[in-house]
Amino acid sequence: TTLYLFKYSFLIFLIFPRHSPHKNASALREGVCILRREKKVRAHTSFTVPARRRYINILARERKREREKKMSSTEEVTREMQALNTATTTTTAGGDDGEKDPSLHASGLSLDERVNLCLSIGEECIQPEELRRLLDKKPNPVAYDGFEPSGRMHIAQGVMKCLNVNKLTKSGVTFKFWIADWFAQMNNKMGGDIKKIQKVGMYMVEVWKAVGMDLSKVEFIWSSEEINRRAHEYWPLVLDIARKNSLGRIIRCSQIMGRSESDDLAASQIFYPVMQCADIFFLGADICQLGMDQRKVNMLAREYCDDIKRKNKPIILSHKMLAGLKEGQEKMSKSDPNSAIFMEDSEKDVQSKIKKAYCPPGVVEKNPCLEYIKHVIFPWCEEFKLYRKSDEEPETGKLEVYESYERFEKEYVEEKIHPGDLKPSLSKHLNAILQPVRDHFENDENAKNLLKTIKAYKVTK
């Protein structure tokens, strides 16, 4: 028995001198199975030296066949993928010759077209050359806008934002909406009630869905959830921005909250600008697409890049702030229902508000009706249909179509267009734009309940 054990132990170490006994045993069993499967040895053949040589040769051939089989399969898959890619390129390429124009982006637009499309949404861009370089070097840059859920949505936030987002996504930009529920709480919106704030946030998303925003490249991110999820990234960034700025510099940003430097600010409102500045870097935003009232904190982010020696600064693309409908109102106010058209206003509400709106004859500056026509109607409808009062057509009025705002403004300044004709025509356009939103909140049960809940809330400044 002792000699028998010694014989087979010795053979194992002789065949596999560099392997451990455990691996030798496993490899030996594998070899025996191959020998038996190929019927080269009988089931109880003694594993002599000739058998050992035969085992090694058979095992080598078996493994070689397996490698060749895998390589053949891999090469076949590779050929199929190459053929598929070639077919896809041929199908999507422009021109009759099937060759793709290298100057075109995946969106189908040239670099100049993409830059001009982005610039068309901004009253100000800091800096245009940086925007061009970004679009040229990065196929899918990220733009962001943060908003406080603070009440019903007016037409500037609804329609104008929809227009701006659709232009950016068309140019190849991914858009991130930062639903700033914590920020609204810090700013005492909806009385600081976080549950009410979040309800308003859900309502606002429903409005954008209904009005026609292209959501294929849009992401909605709740600030409370994302900050909690990535707290280890967010708070060190906030602290570093706070450490590198004076209290006076932060207070000068209070305009972003609808406050002034002279207001008695709560401690939470001191945190606000620092956190909003951190949001830009936290979200990986290349473009800050907010209103002109947010300019100061966006500039703070660019200054912070200088402090940390960061070369690529966020590009600021600020849109126009629509004036309120009343005389002297620089911007709309959610706390004053008559200062703005809201996205789910009824036809009668729209007609009544526009009828009362400030619209001095022949005056363009600070005329809210002309601002609506320039920044809402023309971008959305690409024309303005004016119905003049006429004895020939007393019921509908005499129709005249303006295909450019410049011509419309020129005739208004010359007083060839009267506010009495302008206002009813403007109401018709606005009602046509808002009708899909009304339908959504009427027919969708969830949206209807949200709107009913929101209307019952008291809006706090």
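Note: the structure precedes this text.
Residues numbered from 1 in each chain as written. Predicted model: local features only at pLDDT ≥ 70, side-chain atom pairs only at ≥ 80, totals over all residues. Heavy atoms only, no water.

Q: Is there a simple way to think about the overall build of the protein in this case?
A: Secondary structure assignment for the protein yields 18 helices and 8 strands. Counting over 461 residues, the protein shows a buried share of 45%. For the protein, the exposed area adds up to about 25,300 Å²; of that, 52% sits on carbon and sulfur atoms. (Helix = DSSP H or I, 4+ residues; strand = E, 2+ residues; numbered from the N terminus. Buried < 20%, exposed > 50% of the residue type's maximum accessible area, 1.4 Å probe, protein only. Areas by Shrake-Rupley, 256 points an atom, 1.4 Å probe, with all protein chains shown as cover.)

Q: I would appreciate a short explanation of the side chain of glutamine 157 in the present structure.
A: Tracing the chain through its elements places glutamine 157 in helix α6 (residues 155-170). Residue contacts for glutamine 157: discarding those within four places in its chain leaves Phe147, Met204, Trp208 and Lys334. (Contact = heavy atoms within 4.5 Å.)

Q: Explanation requested: the packing of helix α4 (residues 111-119) against helix α5 (residues 128-137) in the structure shown.
A: Think of two packed helices as two axes; the pair is described by the angle between the axes and how far apart they sit. Where α4 meets α5, the closest approach of the two axes is 10 Å, and the angle between their N-to-C directions is 130 degrees. Classed by the angle they form, the pair α4 and α5 counts as oblique. Along this stretch, α4 crosses α5, giving a crossing that reads as right-handed. Listed contacts from α5 to Leu111, Asp112, Arg114, Val115, Cys118 and Leu119 of α4 are Leu131, Arg132, Leu135 and Asp136. By residue class, the composition of the contact of α4 with α5 is 6 nonpolar, no polar and 4 charged. (Axes fitted to C-alpha atoms, helices over the stretch in contact; angles between N-to-C directions. Parallel < 35°, antiparallel > 145°, perpendicular 65-115°, else oblique. Left-handed = near helix turned anticlockwise from the far one by under 90°. Nonpolar A, V, L, I, M, F, W, Y, C, P; charged D, E, K, R; others polar.)

Q: For this particular structure, what's the right way to read the environment of alanine 285?
A: Counting through the fold element by element, alanine 285 comes out in the loop between α12 (267-282) and β5 (287-288). When the C-alpha atoms of alanine 285 and proline 141 are compared, they prove to be 7.8 Å apart, with 144 residues separating the residues in sequence. Sequence-distant contacts of alanine 285, that is, excluding residues within four places in its chain, are made with Val142, Tyr144, Ile280 and Pro314.

Q: Please clarify how the packing of aromatic side chains should be interpreted in this entry.
A: How two aromatic rings sit relative to each other is set out by the distance from centre to centre and by the angle between their planes. Across all of its chains, the model carries 16 aromatic pairs by this definition. Between phenylalanine 177 and tryptophan 208 the ring centres are 4.5 Å apart and the planes differ by 25 degrees, which places this aromatic pair in the stacked class. Pair noted here: phenylalanine 177 is in strand β3 (residues 174-179) and tryptophan 208 is in helix α8 (residues 194-211), with a separation of 31 residues, a long-range link. Exposure class is identical for phenylalanine 177 and tryptophan 208. Each is buried. Pairing phenylalanine 183 with tyrosine 272 gives two aromatic rings, centres 5.2 Å apart and planes at 85 degrees, and the pair type is edge-to-face. Residue phenylalanine 183 is located in helix α7 (residues 181-186), and its partner tyrosine 272 is located in helix α12; the two are separated by 89 residues in the primary sequence. In textbook terms, an aromatic cluster arises when at least three aromatic residues are bridged by ring pairs, as seen for Phe147, Phe175, Phe177, Trp208 and Phe220. (Phe/Tyr/Trp six-rings, centres within 6.5 Å; stacked < 30°, edge-to-face > 60°.)

Q: Would you mind going over the pairing of β3 with me for this structure?
A: In summary, the side chains of a regular strand alternate between the two faces of the sheet. Burial analysis of β3 places 5 of its 6 residues in the buried class, the great majority of the element. Pairing of strand β2 (residues 142-147) with β3, which is carried by 6 bridges, proceeds in the parallel orientation. Residue alanine 143 lies in a different strand from β3, and its bridge partner there is phenylalanine 175. You can see the chain leave β2, run along α6 and come back into β3, and the turn it takes is right-handed. Judged from the 5 bridges that link them, β3 and strand β4 (residues 218-222) form a sheet pairing that is parallel. Following the sheet pairing, tryptophan 178 is matched in β4 by isoleucine 221. (Pairing = 2+ DSSP bridges. Right-handed = clockwise from strand over helix to strand, strands pointing away.)

Q: What's the story with the pattern of salt bridges in this structure? I'm lost.
A: If the charged atoms of two oppositely charged side chains come close together, the side chains can form a pair. For the structure shown, the criterion picks out 27 salt bridges. Residues glutamate 124 and arginine 295 are paired through a salt bridge, measuring 2.7 Å at the closest nitrogen-oxygen approach. Here arginine 295 lies in helix α13 (residues 295-307) and glutamate 124 lies in strand β1 (residues 124-126), a separation of 171 residues in the sequence. Here glutamate 371 makes a salt bridge to lysine 320, at a shortest N to O gap of 3.5 Å. Of the two residues, glutamate 371 is situated in helix α15 (residues 368-381) and lysine 320 in the loop between β6 (315-318) and α14 (347-356); the sequence distance between them amounts to 51 residues. Residue glutamate 371 is classed as buried on the basis of its relative accessible area of 14%. (Salt bridge = Lys/Arg side-chain N within 4 Å of Asp/Glu carboxyl O.)

Any functional reading would require information beyond the geometric quantities listed.
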